[in-house]
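Each chain, letter by letter, is given below.
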Amino acid sequence: MTAATVLSWVTVCPLDRLDQDRGVAALVAGVQVAIFRTADGLYAIDNLDPVSGAYVLSRGIVGSRGEVPTVASPLHKQVYDLRTGDCLDLPGVSVARHQVRCHNGMVEVRLRQEG
């Protein structure tokens, strides 16, 4: 793949299976993705916490810092911006973000891989 390769949309689940302000993990084309439904919409980031190396971000605490929707790692509590994947506590640390949408009542994810 080339830099910033975008793959196809993959159906994950019905929208009504996602609870607001909770995360779920899904395997999308072999990648563990954390999907979040908030009052502002849907977000998808890698499930891998870059600080601990564990696949746990889907179990993180959903919240916000000001207007920024966030998730805090359940292990070491680093906070990530759900819109960008950037860690708000550790400059230079981030998780990959992916495109997510609701299409005909189904949640779909399209992986974005840097390469």
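Please read these numbers as outputs of a predicted model, since none were measured by experiment.

1. Here we look at the pattern of salt bridges
Then, in step 1: For the structure shown, the criterion picks out three salt bridges.
Then, in step 2: When the shortest N-O distance is used, the salt bridge between R65 and D89 registers 2.8 Å. Taken together, the positions of R65 in strand β5 (residues 61–65) and D89 in the loop between β7 (79–81) and β8 (97–103) put the pair 24 residues apart, joining distant regions of the chain.
Then, in step 3: The salt bridge partner of R101 is E108, with a shortest N-O separation of 2.6 Å.
Then, in step 4: By relative accessible area, R101 is classed as partly exposed at 32%.

2. Examining the pairing of strand β2 (residues 22–28)
Then, in step 1: As paired strands, β2 and strand β3 (residues 31–38) are joined by seven bridges and run antiparallel to one another. Considered in β3, the bridge of L27 is made with Q32.
Then, in step 2: The turn linking β2 back onto β3 is made up of two residues, and A29 within it adopts a positive phi angle of 50°.

3. Details of the side chain of S58
Then, in step 1: Position of S58 relative to the elements: it lies in the loop between β4 (41–46) and β5.
Then, in step 2: We classify S58 as buried; its relative accessible area is 8%.
Then, in step 3: Contacts of S58, omitting those with residues within four sequence positions, involve G23, V24, A25, A34, F36 and N47.

4. Section: the environment of T11
Then, in step 1: Mapped onto the elements, T11 comes out in strand β1 (residues 5–14).
Then, in step 2: Accessibility expressed as a relative area gives 46% for T11, which makes it partly exposed.

5. Overview of the sheet that holds β5
Then, in step 1: Reading across from one edge, β5-β6-β7 is the order of the three strands in this open sheet, with antiparallel pairing throughout. In this open sheet, the two strands that pair with only one neighbour each are β5 and β7. Between one strand axis and the next, the sheet turns by 35° as a mean value, whatever way the strands run.
Then, in step 2: As defined by bridge partners, strand β6 (residues 68–72) adjoins β7 across three bridges and the pair is classed as antiparallel. Directly across from T70, in β7, lies its bridge partner D81.

6. Examining the packing of aromatic side chains
By convention here, two paired aromatic rings are described through the distance between centres and the angle between planes.
Then, in step 1: Summed over all chains, the structure comprises zero aromatic pairs.
Then, in step 2: The side chain of R101 reaches across the aromatic face of W9, ending 4.0 Å from its centre.

7. Some details on the side chain of D49
Then, in step 1: With respect to the secondary-structure elements, D49 resides in the loop between β4 and β5.
Then, in step 2: Here D49 sits buried without a salt bridge, and the closest side chain of opposite charge, K77, lies 9.2 Å off (N-O distance).
Then, in step 3: Separated by 2.9 Å, the side chain of D49 and the backbone nitrogen of V51 make a polar contact.
Then, in step 4: If near-sequence neighbours (up to four positions away) are discounted, D49 is found in contact with A54, V56, L57, S73 and Y80.

Rules and cut-offs
Residues numbered from 1 in each chain as written. Predicted model: local features only at pLDDT ≥ 70, side-chain atom pairs only at ≥ 80, totals over all residues. Heavy atoms only, no water. Salt bridge = Lys/Arg side-chain N within 4 Å of Asp/Glu carboxyl O. Helix = DSSP H or I, 4+ residues; strand = E, 2+ residues; numbered from the N terminus. Buried < 20%, exposed > 50% of the residue type's maximum accessible area, 1.4 Å probe, protein only. Pairing = 2+ DSSP bridges. Contact = heavy atoms within 4.5 Å. Axes fitted to C-alpha atoms, helices over the stretch in contact; angles between N-to-C directions. Phe/Tyr/Trp six-rings, centres within 6.5 Å; stacked < 30°, edge-to-face > 60°. Lys NZ or Arg CZ within 6 Å of the ring centre and 35° of its normal. Lys, Arg positive; Asp, Glu negative; His and termini not counted. Polar contact = N/O pair within 3.5 Å; in protein donor to acceptor, adjacent residues only side chain to side chain.

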